[in-house]
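Chain and residue survey
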Amino acid sequence: MQHRTMRTGLAGMRRSILCTALLSTLGAAVPASAQQSDPTTLDEVRVQGIRESIQTSINKKRDDTVISDVLSADDIGDLPAASLADAIETLTGASSTRDKTGASEISIRGLGAYLSNTTFNGREITNGSGDRSVNFNMFPSELINTVAIYKTQRADLIEGGVAGSMALEAVRPLDYGKRSIQVEGKGSWAEFDSRYARKDGIGWRGTGSYVDQFTFANGGRLGVSIGVQALDGTDPEESMTTGSTWYPCPVTGNGTANCVPLTPQQIAAGADYVLVPSSRIYRLKQERNDRQSEFASLQWRPNDQLEINLDYQHTDRNWDENRSDFSLANGNRNIRNVIVDGNGIARHLTGSSAIDSSSTVYSRNENYAGGGLNVIFRPDEAWELSGDLSYSRTERTDTQRVVRFRANRTDIDGNIVPGISSGTTGYVNYDWDWHGDVPSITLDPLFDRYDHDAYAGAARVTSRVTAHEHRIRAGRFDVGYLPADGFLTRVKAGARVSEADYTYQDQTRQTDYAQNNAASRALIIAANRACRTGFPQTDFLDSASGNTISSWAYFDPACAYEVFRGTSALGLDPDYQDPANVDVTEKTRSVYLMGEFRSELFGIPLSGNAGVRWVRTEAESTGVRSELELTANGDGTVYLRSTGAYSTFTEDSGNDRLLPSVNAAFELRNDLLLRVGAFRAMSRPDIAALGAGLDLGISEAGGDYTSLAEALANVDAKGNPQATPMMSWNGDLSLEWYVNADTLLAGAVYWKQFNGGTEIVQSNEDFVIDGEPVVVPVAREITTDARSRLTGFELTAAHRFSYLPAPFDGLGLKFSYNYADTDYQTQDFSLGERTTDDGTVLPAIVAPAGLSGSSRHVASGSVYWDIGRFNMQVIGKYRSQYYQDFTGNASQHNRYYDDNFSVDFRARYKVNRHLSLSLELMNLTDEPRVAYQPAFGNFREYVSYGRRAFLGVRYRF
């Protein structure tokens, strides 16, 4: 794997240079004079810019009662990042899944996003994916002032954070304490937009906020905070990818048809195999997205005893995309001349495939609304009573109109198409080699992929709408008591109830047009002639070494859909019930008791908290089953579809968990803190993973089969209503040295023992297919009591070179590194180890993955320079390879992402106390996203989206 070695070597070299430079600089940067300075004395001058943000973060970390990392800004809009996730991943141990819009889902300490818990203003947040993570792109970073990661648990925190808990906070207007009115405008530029014939051009982003406080004659005070944002931008992307189903084909003897996959027993006995996908796809996307967000809060203190907080957040995000795919639809057909590189990973092969040009009009609307009412009553100095009611709802709707044109033995005029071999439709021979960033595919030179006339074969038109709705309603009541003296400084108790509902609905209409049917052929020809157009992009995948396909016959997607259907309407059956649908209700009740304490131990000041939380979770899942029929495509292949005869059923489950926790901080010196934490934590399965849906294997591109047996082999359960939480016992030890206001050195070691793993079991389920009863083996992921562990350590350093002569005294840096190692195993759903109904264990074909989202190495480093009114910052972020599961669909193969190293740049200039200018440059290294499946190192996907830039103007009144 020469290309893999080269990529890893370059990434490792860049990483080593960055880490060495930052660490060596830090080692020389804390002279004796700095070490001896007063650790709690701040500069008398007003601190602003990046330095201010880092100082505030250091202070909040020191003051917290758990092991944490905090990113904070005193002023609205000063969070130093283009997006919220970009800001979070600069915190120690935090890493993201990156895409064209920047960082997205966040993992903490090498643990997947589903093992974290995120709150907004102290409340749970919904999302449109059906998992426990948060889509941070729904929250404007300009309207968030504090982000905290709690790495140990307290009994009063909402449960759900084996990895940790993230807390997002918008400004509370009375606590903010000053009037602020500001507007900000940004222009955005995407590098790849320049490659399109029809450019989307410069995008924009506008933000406005208003914060004020009012005092009444009776002494009451009212605070008001309002923020709005709108944006519109372009997000082009290009990729080479594969279908999501993989087959272990024999290295020899496949014949001219689809290979017969080897069994686990055959491979265990020594049979040579090669992993091949259902299809191979080149894809270009021209995308446009817009977002509108509104945040508002009221904070009212009519007197010293009562405080009422009311807040509301709303975001509406739209995503529109024109997509074109050039596909080799039969990735497992006529496989021969195979060279494998161990573990079934191909280096070279030849095959034959149908050739498709598919055009898609895709749109997504995601709407989030949340908020709540919080009432705090303090009858005297000792007691505090608090009640909170909250609501969060996310609706996501994805709409697709897809037209597939297929190359045929004869073109639209009846002429023989060169390079297409025998078959009902015909196949093109190809060579596949992997010696660069992406595999090289060489088609039979007689076949002209640019020739629109050749795409006269069986066509397919698909309308599809998938709708997700996630809703959480919750209420909590807390009581706090402050003893007059003694060991305990505060006692807290409380209760919380919540109800979460999640539904996923899939409505699909698929129409096939056979080329040997006169009416269908007439439509194929009409759409082909009316909708052909020039390839819209130049330099397709030119950044990927090894690429050989740079363009193909392109058809306008909206035009083609309307010619076939006679309308742009979707034409879906409102009564259609897909077996993949999910309907889950989850109810949670919890109570806790916690004490905070302060004392001395052997003369060392000691403070902390200890408590216990009890949690009861109940889930109800409704599933749909349908009679099925085997349907011919008209080209020799078949697929399964529902007959419309539906039945429903319901499954219930429940569990109780007790979560003790203790945190203690020892103040070894005024500037040196030793923290310890021990706790039990839980993370529930993704709410979509509690569904009873079935994946019939017909939704992916090229999801056609040669027989009923092949189709049934791809029927899998998407979830398991009986899945239970992952539990962990956790221990943390942290040493934090607050050298001065600008310097922090901290290190932590941690350990987690997980109780709860996954196993794939295969059980028989009865279906009716073509009117006859059929027993189908269905694979399902279950929760086991398996034990595993994770150990790790993390380092944090921040320093400003205040002792250098001006202007270099404004130089500073921040560095963080996290290492995590785990023996947790996730078996591949189809090719991993599984247990049958009779207890037989089928051996794994591919090696198991680790924890979802688990990276062994995560690092971030930044260098900043504050020079009076000007400040700038360069940020480098690195994450080693990791396994990433598919949200809400456990039946997918294991997917891995390669190492990723990216560099961003930010600068701001304050023209005066009102006006400032900013520049942000993202992904300066032009880092692609590289994925492997179902084994690490086996090519699945290469996605490139280029660099991005934002130029902004802010005015404060």
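Keep in mind that this is a model prediction, so the values were computed, not measured.

**Quick word on the overall build of the protein chain**
Across its full length, the protein chain holds nine helices and 46 strands. Here the protein chain has a C-alpha radius of gyration of 29 Å; the compact-globule value for 957 residues is 30 Å, and the two agree. Its C-alpha atoms give the protein chain principal-axis dimensions of roughly 90 × 60 × 60 Å. Considering the protein chain as a whole, with its 957 residues, one finds that 61% of them fall into the buried category. Of the roughly 35,400 Å² of accessible surface on the protein chain, a fraction of 54% belongs to carbon and sulfur atoms. In the protein chain, which carries 93 positive and 120 negative side-chain charges, the distance between the mean positions of the two groups comes to 4 Å.

**Looking at the pairing of strand S20 (residues 428–433)**
Burial of the side chains of S20 is restricted to one face: Val428, Tyr430 and Trp432 are buried, whereas none of Asn429, Asp431 and Asp433 on the reverse face is. Two elements, strand S17 (residues 346–353) and S20, share six bridges in a ladder whose sense is antiparallel. In the strand pairing of S20, Gly351 is matched with Tyr430. Across four bridges, S20 lies against strand S21 (residues 440–443) in antiparallel orientation. Residue Asp433 lies in a different strand from S21, and its bridge partner there is Ser440. Linking two consecutive strands that pair antiparallel, namely S20 and S21, is a turn of six residues.

**Focus on the nonpolar core**
By size, the foremost hydrophobic cluster in this structure holds 61 residues, and its most contacted members are Phe447 and Tyr455. In contact with Phe447, other than residues within four places in its own chain, are Ile355, Ala407, Val417, Pro418, Gly419, Ile420, Val428, Ala454 and Tyr455. Of all hydrophobic cores here, the second largest spans 38 residues; its members include Ala85, Ile88, Phe120 and Val162.

**Overview of the packing of aromatic side chains**
Using the criterion set out here, one finds 26 aromatic pairs in the structure. Here Phe405 and Phe555 contribute two aromatic rings whose centre-to-centre distance is 4.1 Å and whose plane-to-plane angle is 20°, an arrangement assigned as stacked. Here Phe405 is found in strand S19 (residues 383–406), whereas its partner Phe555 is found in strand S25 (residues 554–555), with 150 residues between them in sequence. Pair check on accessibility: Phe405 and Phe555 agree, each one buried. On the basis of an interplanar angle of 45° and a centroid distance of 4.8 Å, the ring pair of Tyr513 and Phe564 is categorised as tilted. Taken together, the residues Tyr513 in strand S23 (residues 488–513) and Phe564 in helix H8 (residues 557–565) connect sequence positions 51 residues apart. By relative accessible area, Phe564 is classed as buried at 6%. The structure contains a cluster of three or more aromatic residues connected by ring pairs, namely Tyr282, Phe326, Phe535, Phe540, Trp552 and Tyr554.

**So, unusual backbone geometry**
Glycine aside, a negative phi is what most residues show, and trans is what most peptide bonds show. Geometrically, the link from Ala806 to Pro807 is a cis peptide bond, its omega value of 5° lying close to zero. Note that Pro807 resides in the loop between strand S34 (772–800) and strand S35 (811–822). Here the residue pair Gln933 and Pro934 is connected by a cis peptide bond, since its omega of -15° sits within 30 degrees of zero. Mapped onto the elements, Pro934 comes out in the loop between strand S44 (929–932) and strand S45 (939–944). If you check the backbone angles, Asn334 has positive phi at about 55° while not being a glycine. Turning to its location among the elements, Asn334 is positioned in the loop between strand S15 (306–328) and strand S16 (336–340). A positive phi angle, close to 55°, is found at Leu541, a residue other than glycine. Here Leu541 shows up in the loop between strand S24 (532–533) and S25. The class for Leu541 is buried, based on a relative accessible area of 1%.

Cut-offs and rules
Residues numbered from 1 in each chain as written. Predicted model: local features only at pLDDT ≥ 70, side-chain atom pairs only at ≥ 80, totals over all residues. Heavy atoms only, no water. Helix = DSSP H or I, 4+ residues; strand = E, 2+ residues; numbered from the N terminus. Rg over C-alpha atoms; globule rule 2.2 N^0.38 Å. Buried < 20%, exposed > 50% of the residue type's maximum accessible area, 1.4 Å probe, protein only. Areas by Shrake-Rupley, 256 points an atom, 1.4 Å probe, with all protein chains shown as cover. Lys, Arg positive; Asp, Glu negative; His and termini not counted. Charge placed at Lys NZ, Arg CZ, Asp CG, Glu CD. Pairing = 2+ DSSP bridges. Core = buried A, V, L, I, M, F, W, Y, C linked by side-chain atoms within 4.5 Å. Contact = heavy atoms within 4.5 Å. Phe/Tyr/Trp six-rings, centres within 6.5 Å; stacked < 30°, edge-to-face > 60°.

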